[in-house]
Amino acid sequence: QVQLVESGGGLVQAGGSLRLSCAASGRTFSNYAMAWFRQAPGNEREFVAAISWSGTIRYYADSVKGRFTLSSDNAKNTVYLEMNNLKPEDTAVYYCAARLYVASGAVASTDYEYWGQGTQVTVSS
C-alpha cells in the first residue's frame, strides 16, 4: 500500500523560506513521478511542481518558477520542495502526489493516483 507523508509546513514571513518533504513507502517508485499540489481555502487544488523519480525531469507552475525547487533522495524515498521568497499568496495546504510515469502534461489532480494528507503553509505579510 502506497503511503505519502508530508512534513515541513509552518508559518513564515513573506520573503522567507520553507522546505517540504514527502516520504514515500509501499512500493518501488523508480517509474513514478512525484508532484506537489496546493489548495487554498475556497480554491481548487492547483499544480505546483513535479519531478521524475530519477530527478532528471522537473517542471513547475509559472507561479513558482524561480522560487521553488524540487529535489529527490532516492535512498530515502523522499522528495523535497524548497520554497524561497515566499509570498502570502503561497498560503495553502500543500499535498504530495504520485503517479506512474512522468508526463509534462500531468498537471491536473486527476492525473495522480496517490496522495498524502497535506501540510499547511502559511505566509504572513
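Everything that follows concerns the structure shown earlier in this document.
Quick summary incoming for the structure in this document. Quick caveat: nothing in here was measured; it's all calculated off a predicted structure.

### Notes on the side chain of serine 52
Point 1. Structurally, serine 52 is set in strand 5 (residues 46–52).
Point 2. Given a relative accessible area of 6%, serine 52 falls into the buried group.
Point 3. Dropping the residues within four chain positions of it, serine 52 is found in contact with Tyr32, Ala33, Ile57 and Val102.

### Describing the sheet that holds strand 3 (residues 18–25)
Point 1. Taking strand neighbours across the sheet as the criterion, the four strands line up as 1-3-8-7 in an open arrangement whose pairing is antiparallel. A strand with exactly one partner marks an edge of an open sheet, and here the two such strands are strand 1 (3–7) and strand 7 (68–73). Ignoring which end each strand starts from, the neighbouring axes of this sheet average 15° apart.

### Points about the packing of aromatic side chains
Point 1. Within this structure, the stated rule accounts for eight aromatic pairs.
Point 2. Ring geometry for phenylalanine 47 and tyrosine 59: centres 5.5 Å apart, planes at 20°, overall stacked. Of this pair, phenylalanine 47 sits in strand 5 while tyrosine 59 is found in strand 6 (residues 58–60), placing the two residues twelve residues apart along the sequence. The pair formed by phenylalanine 47 and tyrosine 59 is uniform in burial state, with each residue classed as buried.
Point 3. With centroids separated by 6.4 Å and ring planes inclined at 75°, the aromatic side chains of tyrosine 95 and tryptophan 115 adopt a geometry described as edge-to-face. Highlighted residues: tyrosine 95 in strand 9 (residues 92–100) and tryptophan 115 in strand 10 (residues 114–115), separated in sequence by 20 residues.
Point 4. We classify tryptophan 115 as partly exposed; its relative accessible area is 27%.
Point 5. One aromatic cluster is present, formed by Phe37, Phe47, Tyr59, Tyr95, Tyr112 and Trp115 through successive ring pairs.
Point 6. Arginine 19 extends its terminal NZ or CZ atom over the ring of tyrosine 80, reaching a point 4.2 Å from the ring centre.
Point 7. The residue whose ring lies beneath arginine 45 is tyrosine 95, and the NZ or CZ to ring-centre distance is 3.7 Å.

What counts, and at which threshold
Residues numbered from 1 in each chain as written. Predicted model: local features only at pLDDT ≥ 70, side-chain atom pairs only at ≥ 80, totals over all residues. Heavy atoms only, no water. Helix = DSSP H or I, 4+ residues; strand = E, 2+ residues; numbered from the N terminus. Buried < 20%, exposed > 50% of the residue type's maximum accessible area, 1.4 Å probe, protein only. Contact = heavy atoms within 4.5 Å. Pairing = 2+ DSSP bridges. Axes fitted to C-alpha atoms, helices over the stretch in contact; angles between N-to-C directions. Phe/Tyr/Trp six-rings, centres within 6.5 Å; stacked < 30°, edge-to-face > 60°. Lys NZ or Arg CZ within 6 Å of the ring centre and 35° of its normal.

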